[in-house]
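Architecture and fold: a report
One-letter residues, chain by chain:
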Amino acid sequence: MPTVAAILLCRTPRWYKDIGHPPQMQVWSSLEEHPPRVLSPWRKQGKGLSRVKRDWIIPQIRVLENSKQVPEALVQIKSDKIFTGEVIYKLEGPGVDQEPKNLFEIDDKSGVIRSKQPLDREKHRSFTLKAFALSPSGERLENPTTIEIVVLDQNDNRPVFTQSQFVGTVSEFSIPGTSVMSVSATDADDPTTENAILSYSIIGQESVPPNAVTKVMFGINNETGTIYTRDVGLDREVVKSFRLRLQIADMSGQGLTSEGVAIIHVSDINNHAPQFRPAAYSFTALENRKSFEVGRVNVTDRDDPGTGNWEAKYSITNDPDGNFDISTDPVTNQGVLTVLTPLDFEARDEYNLKLRVENVNALSSKAPNLPLSTATVQVKVVNENEAPHFREDPVLIVVPESVPPGTLLKSNYAFDPENSKLRYEISRDPERWLDINRDSGDITAKKSFNMRSPHVRNNIYRAVVKVTDVGGLSSTGAVTITLKETNDFPPQVVPVSGSVCKEGTPEASGLVVTAVDQDYPPHAAPFIFEIPDDLPVNWTVSQLNATHAVLHPLVLLEAGEYAVPLLVSDSGRPALSSFAHVNITVCLCDSSGDCKSAAGAVLGSSVGISFIALIIIMASIALLLLLLLLAVAATACGRRHHIRKGTGLLIGESEDDVRDNVFNYDEQGGGEEDENGFNIDLLWNPHDDPSTPGSYYPMPGFPRGKQPLRRDAPHNLPSPIYPRRPPADPTDIEDYISDGLEAADGDPNVPPYDTALIYDYEGEGSLSGSLSSIASGSSDGDQDYDYLNDWGPRFQKLANMYDPR
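Residues numbered from 1 in each chain as written. Predicted model: local features only at pLDDT ≥ 70, side-chain atom pairs only at ≥ 80, totals over all residues. Heavy atoms only, no water.

Under an unreviewed UniProt entry, the name given to the protein is Cadherin 15, type 1, M-cadherin (myotubule), and the source organism is Takifugu rubripes. In its Function (unreviewed entry) section, UniProt records this for the protein: "Cadherins are calcium-dependent cell adhesion proteins." (UniProt positions renumbered as here; feature names shortened; annotations may be inferred.)

Structure representation (structure tokens):
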């Protein structure tokens, strides 16, 4: 088929106006007997080589796709310029030297453009090329010319459906004209031509099951592909689905064709209500059991199984106590009747239930207007032996912790449904606080409870009781005993000793005391502190808060020990109290408020001793001690000079007889063999060195170094004459000691009165026997020692010793 191209003149050149005719142009067929179409975009002007300005628009070169005449001459370009040499033509662009390559070529001498192979419009719709006129040296003789080649479409592609199978649904009993679904197809040909104009049609219909419906039930819009219903009679109980054969054709149905398939399912509507089959049932149920199946009821429904139109929903219309429940088996659609709460044969032995059934989905308006289906169910309760029951679980008991043993705590807390005889026992009682009557079950207190037991938590003690009937069935029940706190313990004062500063005012100085109570609230704090009114003391007590108080002196007191009586009471009902003596030391204090040492007290006293004077005194004492040691050493050397060899002081024979080395051990008694200890309860002053002989605790009101008068000792009597000088002869030392001991035994003025004087000799035993004068018959009837009772527990023994009774 020849190709014809036209040249459109966009701007008329000057020479065209002069000569009155267009430039030379030749158009010819692509066949060999016709010359090729000549395009002369380049023309000469006059005799020179100058180029005339002009613009040519080359029309599109149209080429039919799938042409079998290849190579095929499409167009020829030619320059009409006069050259002294030849012109070489070149072509560039897609299809030549760019992808896709080797589709077009140009004859470099004649300028003829040819197609080298058939073209495919579905792959490449057009090509834009550049043509050049060059000298043999490669110089451009003219500007490049654009040539556009358009591929013309042929109907070489069949239309195809977009899916191999289309699936849709339509409800049963749909009216004609109801849209069901849409199908679609595509065509690769040019959509602007008839080659791509499509037309849809239905060429076949099959029903499932086969031949259930023979009339044509569906139609299709040939332009849009929409499938719709054409007739009535879609009943899902009759036909389940349809299979339609579809056809698509191009060129408005006159061209190429293809086939497809559409499956249309008929969907169910709820046009059938469920019905009981049968309508009456009878079941049995064991008592005292719950959550177990009693029986099943059946229904029929013609709607689509597995859907909400078929699934049944059951209900019980006459079970106000909620003893039963009915549910749906999703597989069989049966109603499953179960017991929710345990049944009691003794209370009721038969139940008559009324059931009702409906679908999960509401009935369609096209369903028959019928009442809901109902059924009756008779349930008979079967009796069985039951274990004993507790009336409450747990068994609650509330008692005071100090409940007397034998108190009845709980009774009548268990029973047997068959009224059989029960046997009771305690299976758990970690503290063994409970007793139980095996026949009646009465729980009594075996002993008082203790709130401080590790088994009592949050005031609750837990036990377990076991009850057994005659048939051997048993039950256990928890027993929760809530203990109420009682006031069992009096509070105790702490601390019982302390110190206050002498320098401060009575109001500013004081000892803070508190109390401890083993009881729990409300029988403990707040505490009340007070000093008994019948005890005259120079102290008072001030309440700080609910748990603390302060002991203040009423007047300025001298340094020393004071026993202050204090009474503390708790807040229990009734309140408990305790009495205590608080030993308070009044002392000189340092800057931090602590008691000073003895030296510090002296240095800090009002009298005042300078540090240099103190050094001088200490040096003098050291010098005296040194002189005393020298004198003792000289005396010892003189005595050793008089010892005769072979003799001893008493019975010793050694030259180094121990009698020449007598030491003062500051011991009481006559030696290690003396087991008659000269015992007296000496009161040691805590501010003195206990190792210093003669240090004793001075009673309040007596200056240091003096003692209170005793009933068993004479007073102000002349003392006997003691031996003043040791004998010159050491052999007379025994007589010397005997004389001194005899004088001491008869001296009424030497303290202490219970002991013998200590001599520098360790003998074989005390010759004085018992020196205790506690039982002495002598007494001073006029002396009153009752004040010793007011000095606190440390003087209690002395008070008993001097008690006139």
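It is worth spelling out the overall build of the protein at this point. What the protein contains, in helices and strands, is 5 helices and 46 strands. Burial statistics for the protein: of 805 residues in total, 35% are counted as buried. Accessible area for the protein stands at about 47200 Å²; split by element, carbon and sulfur atoms hold 52% of it. (Helix = DSSP H or I, 4+ residues; strand = E, 2+ residues; numbered from the N terminus. Buried < 20%, exposed > 50% of the residue type's maximum accessible area, 1.4 Å probe, protein only. Areas by Shrake-Rupley, 256 points an atom, 1.4 Å probe, with all protein chains shown as cover.)

Turning our eyes to something else, we now look at the sheet that holds strand β26 (residues 335-339). The sheet built from 3 strands is open, its strands ordered β22-β26-β25 with antiparallel pairing. With partners counted over all chains shown, the strands left at the sheet margins are β22 (292-297) and β25 (324-328), one partner each. Averaged over all pairs of adjacent strands, the angle between strand axes in this sheet comes to 30°, irrespective of strand direction. As paired elements, β22 and β26 share 5 bridges and run antiparallel to each other. Paired with R296 across the two strands is V336, which belongs to β26. (Pairing = 2+ DSSP bridges. Axes fitted to C-alpha atoms, helices over the stretch in contact; angles between N-to-C directions.)

Let us now look at the sheet that holds strand β28 (residues 373-382). Taken together, 4 strands build an open sheet; the order of strands is β21-β28-β27-β24 and the sheet is mixed. Taken across any chain shown, the strands that pair with only one partner, and hence form the sheet edges, are β21 (280-286) and β24 (312-316). Neighbouring strand axes in the sheet, compared pairwise and without regard to direction, differ in orientation by 30° on average. Here β24 runs beside strand β27 (residues 350-359); their pairing, made up of 5 bridges, is antiparallel. In the sheet register, Y314 faces β27, and the bridge partner there is V357.

Another aspect to go through is the side chain of D187. Here D187 lies in the loop between β14 (185-186) and β15 (199-208). Buried and unpaired, D187 has no salt bridge, with R121 as the nearest side chain of opposite charge at 7.4 Å. (Lys, Arg positive; Asp, Glu negative; His and termini not counted. Salt bridge = Lys/Arg side-chain N within 4 Å of Asp/Glu carboxyl O.)

So, on to unusual backbone geometry. Going from V70 to P71, the amide bond is cis rather than trans, its omega being -5°. Here P71 shows up in the loop between β4 (61-64) and β5 (72-80). Cis geometry marks the peptide bond from D393 to P394, where omega comes out at 0°. Mapped onto the secondary structure, P394 falls in the loop between β29 (389-390) and β30 (395-400). Phi is positive for N211, close to 60°, though the residue is something other than glycine. Tracing the sequence through the fold places N211 in the loop between β15 and β16 (218-220). On the basis of relative accessibility, which here comes to 68%, the residue N211 falls in the exposed class.

Relative to the assigned elements, K290 resides in the loop between β21 and β22. The class of K290 is exposed, set by a relative accessible area of 56%. Residues K290 and L340, spaced 50 residues apart in sequence, show a C-alpha to C-alpha distance of 5.2 Å. Ignoring sequence-local partners within four residues, the contact set of K290 consists of V339, L340, T341 and P342. (Contact = heavy atoms within 4.5 Å.)

Two side chains with opposite charge may pair up if their charged atoms get near one another. In total, this model carries 13 salt bridges according to the counting rule given. For D304, the salt bridge goes to R236, with nearest N and O atoms at 4.0 Å. With D304 in the loop between β23 (299-300) and β24 and R236 in the loop between β17 (226-229) and β18 (241-249), the pair connects residues that are 68 residues apart, well separated along the chain. Given the relative accessible area of 7%, R236 is considered buried.

With that out of the way, let us pick up the side chain of D301. Assignment of secondary structure puts D301 in the loop between β23 and β24. There is no salt bridge for the buried D301, and the closest opposite charge comes from R236, which lies 7.4 Å off by N-O distance. A distance of 2.9 Å separates the side chain of D301 from the backbone nitrogen of D303, its partner in a polar contact. Not counting the four nearest positions on each side in its chain, D301 is found in contact with H272, A273, P274, N309, W310 and N359. (Polar contact = N/O pair within 3.5 Å; in protein donor to acceptor, adjacent residues only side chain to side chain.)

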